[in-house]
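Here is what each chain is made of, one letter per residue.
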Amino acid sequence: MKQKKGKIIPINNSKIFIQTWLRMKPYKAKVVTDSFYIELANKLRKTMADDPNKLIPSHLTEEEVSLTACVLASYLEDLVSGTNIWNTFVRLHTEFYGTRLPFCEETEFYENEPDYEDVKFLVWYCVSTISNDAIIDPNSYHLKKIAGDLTDIIHEAYEYAPENPILKRYYAEYETEQNFFPIRFSEEYLLFNTYLFFPDTGLLAEKEALEIYKKNNENNEAILYDTLTEHVANTHTKLLALRANEWLAELLGAKHPLYPDLKAQTKRVQGLFQLKKQSEQSMYFEHIASGMNFDVTMESFNKNSAFPNEGDLVLFGLVKWKNEWWFAGAQAILKNDRKIVESEKNSQKALESVSFLQNMDEKAEILAKQQTAFLELTKGAQFVKIPIKEIDSFLHKFYDFYNEKYGKGKSPDKAMTSGTKIFNTAKNRNAILTVFFNPKKGIEISQDIWYAFEPVSEKNPATEQRESADSLVDDRTLSSELAHFWYDNYAKQLDIKPYSTLSKQEFDFLLRYSKRNNYHSEPEIYMI
């Protein structure tokens, strides 16, 4: 959890206008109630700019301070209008961790009314997220002080705040829906144009759109649509590490007819396919990398796109909705080239795309056997340190031991080793690697984090120890299971602050926040 100490950026007297406000709204034109909330946002913005401690201006640009003010004004609009965005987050946090909010000190609150702890958390979230993952101290005096001042302004506005009836239409106007595309656009509105997620996924979408249009490609619109579709289907929010379909399901509630369908909606499968045959209702494709077959509903095909012929190679994405596969994103027909096919068959990324559809029980059984072998080999240690020059020898010894134990002979099983990252022993031959057996993923090998597992000493300075601890939390390539193993066995024992001061629930919240898409580990085993 790296904490940022930025230089103070002067904030002038320019105001927030409708263009900034609408960036975090699902509608594109001003509605009647917007004027009230924009006026409130400007009051909040001025309070942040005039804060003598300059907490927020020391981390954010002028534009970013304005966005933070709009998030806070939108929070009040949400409470008054009953759109249920904030309450859904609070309910889920309570279900996950037993408390309304992380880093929360209060014991009493009034439901659907502005609350100091809510405002304090939103300021922490906006500053930490917009300032590019530089997390501020959630318990600092300056944060508490500015949150109190902002809460007073929001409380005063609450007495007169108008309801915005337009907002609900974008999230909950349907009771049933067979077609995937209205659902996809509701998820897009939620992920990119809702105040709670705008500092995270909304700004991410804006940045990627800008980069795409800078390239001035004739296919800009198709590229952008495909990019946004990928985020809608697969990106997890920093808050609770959930995908858009999961948030929409919880927003509608467990009693809504679409709740089970939204929860069952799959991630997006992306890759190269070959059209095998078609009927009036379906197109039948083979996923080149895995050989898996997909029956895609004809209803989802873009009638404005070129229609593929049987035998054609087609690059596209799929999402399963209501037990049917739907095209999701742009489509491109490629020349049927043998080299392209062979390259795709060797693509680990393409295999990863369908990994979640493969037999998870079989993978779990393999991992359980691997863990048993690992613990036998290491005499019960789930975590060991190994010099980099010995890592290849250790891995070969492990796989030989595993394969002999379970009757596979001495040649490593391709399915077992494809997910193992073997380090190049020619680099930094004096480095120490850490080897951790992750029950959900398999063997994890990491470099330069062993300092967080040892007490401070001449060979392990406090700065190195803290940087390694930060990496365990912030580095998205390191699993949440490894971070939890460290927290449970080392963080408090070695008193590595601030992590030793956090509850297990708060630590897990930070892991979800920092690792997002990588928080949920999956087996690095691909059945081929």
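Scroll up to find the structure.
Calculation rules
Residues numbered from 1 in each chain as written. Predicted model: local features only at pLDDT ≥ 70, side-chain atom pairs only at ≥ 80, totals over all residues. Heavy atoms only, no water. Helix = DSSP H or I, 4+ residues; strand = E, 2+ residues; numbered from the N terminus. Rg over C-alpha atoms; globule rule 2.2 N^0.38 Å. Buried < 20%, exposed > 50% of the residue type's maximum accessible area, 1.4 Å probe, protein only. Contact = heavy atoms within 4.5 Å. Pairing = 2+ DSSP bridges. Core = buried A, V, L, I, M, F, W, Y, C linked by side-chain atoms within 4.5 Å. Polar contact = N/O pair within 3.5 Å; in protein donor to acceptor, adjacent residues only side chain to side chain. Phe/Tyr/Trp six-rings, centres within 6.5 Å; stacked < 30°, edge-to-face > 60°. Salt bridge = Lys/Arg side-chain N within 4 Å of Asp/Glu carboxyl O. Axes fitted to C-alpha atoms, helices over the stretch in contact; angles between N-to-C directions. Parallel < 35°, antiparallel > 145°, perpendicular 65-115°, else oblique. Nonpolar A, V, L, I, M, F, W, Y, C, P; charged D, E, K, R; others polar. Expected span 1.5 Å × (residues − 1). Arc of directions from axis to C-beta.

(A) Up close: the overall build of the protein. A count of helical and extended segments in the protein gives 20 helices and nine strands. Rg of the C-alpha trace for the protein: 25 Å, near the compact-globule value of 24 Å for 528 residues, within the 12% margin. For the C-alpha atoms alone, the extent of the protein along its principal axes is close to 75 × 70 × 45 Å. Each of the 528 residues in the protein was classed as buried or not, and the buried ones make up 53%. Pairs at least 24 residues apart make up 69% of the contacts formed inside the protein by residues separated by at least 6 positions.

(B) Spotlight on the pairing of strand 3 (residues 293-297). Both strand 2 (residues 282-287) and strand 3 contribute to a ladder of five bridges, which runs antiparallel. Among the inter-strand pairings, tyrosine 284 is bridged to a residue of strand 3, identified as aspartate 295. Hairpin remark: strand 2 followed by strand 3, antiparallel, with five residues in the connecting loop; positive phi at glycine 291, about 80°.

(C) Molecular detail of the nonpolar core. In terms of nonpolar packing, the biggest core is built from 103 residues, with Leu44, Trp86, Phe89, Trp124, Leu196 and Trp486 touching the most fellow members. It is helix 3 (residues 62-81) that provides the largest number of residues to this core, a total of ten residues. Among the nonpolar cores identified, the runner-up in size contains 20 residues, and Ala373, Phe374, Tyr399 and Phe437 belong to it.

(D) Broad picture of the side chain of histidine 287. Checked against the element boundaries, histidine 287 lands in strand 2. Looking at histidine 287, its side chain comes within polar contact range of the side chain of serine 290, at 2.8 Å. Apart from the residues lying within four places of it in its own chain, the contact partners of histidine 287 are Val269, Gln270, Gly271, Leu272, Phe273, Met292, Phe294, Ala350 and Val354.

(E) View of the packing of aromatic side chains. Throughout the structure, instances matching the rule amount to 46 aromatic pairs. A centroid spacing of 6.0 Å and a plane angle of 80° characterise the contact between phenylalanine 96 and tyrosine 97, whose relative ring orientation is edge-to-face. A relative accessible area of 11% means that tyrosine 97 is categorised as buried. Ring centres 5.6 Å apart and planes at 65° place the aromatic pair phenylalanine 301 and phenylalanine 327 in the edge-to-face group. Here phenylalanine 327 lies in strand 5 (residues 324-327) and phenylalanine 301 lies in the loop between strand 3 and strand 4 (313-321), a separation of 26 residues in the sequence. Like phenylalanine 301, the residue phenylalanine 327 is buried in the burial classification.

(F) Region of interest: the side chain of arginine 23. Secondary-structure assignment places arginine 23 in the loop between helix 1 (18-22) and helix 2 (34-50). In this structure the side chain of arginine 23 is engaged in a polar contact, spanning 2.6 Å, whose partner is the side chain of glutamate 206. What arginine 23 contacts, discounting residues up to four positions off in sequence, is Glu63, Leu67, Phe192, Asn193, Phe198, Leu203 and Glu206.

(G) Geometry of the pattern of salt bridges. Under the definition given, this model contains 27 salt bridges. Its salt-bridge partner being lysine 440, residue glutamate 481 comes within 3.9 Å of it at the nearest N-O pair. Taken together, the residues glutamate 481 in helix 19 (residues 480-491) and lysine 440 in the loop between strand 8 (432-438) and strand 9 (442-447) connect sequence positions 41 residues apart. A cluster of three or more residues bridged by salt bridges with shared partners is formed by Arg91, Glu95, Glu250 and Lys263.

(H) The arrangement of the environment of tyrosine 499 in detail. Structurally, the position occupied by tyrosine 499 is in the loop between helix 19 and helix 20 (504-515). Tyrosine 499 sits 26 residues away from valine 473 along the chain, and the two C-alpha atoms are 9.5 Å apart.

(I) Focus on the packing of helix 5 (residues 116-130) against helix 9 (residues 198-214). Direction vectors running N to C along helix 5 and helix 9 enclose 30°, while the axes themselves pass 9 Å from each other. It follows that helix 5 is roughly parallel to helix 9 by the angle criterion. Between helix 5 and helix 9, the residues in contact are Tyr125, Cys126, Thr129 and Ile130 and Pro199, Asp200 and Leu203, respectively. Of the residues belonging to the contact of helix 5 with helix 9, the class tally is five nonpolar, one polar and one charged.

(J) Seen up close, helix 16 (residues 391-405). Over its 15 residues, helix 16 runs 21 Å from end to end, which matches the ideal 21 Å to within 8%, given 1.5 Å per residue. Buried residues of helix 16: Ile391, Phe394, Leu395, Phe398, Tyr399, Tyr402 and Asn403, and no others. Down the axis of helix 16, the buried set is contained in an arc of 155°. They therefore lie on one face. Looking at helix 16, the residues exposed on the side facing more than 90 degrees away from the buried face are Ser393 and Lys397. Backbone geometry just downstream of helix 16 places glycine 407 in the positive-phi region, at approximately 70°.

That is the geometry; function is a separate question.
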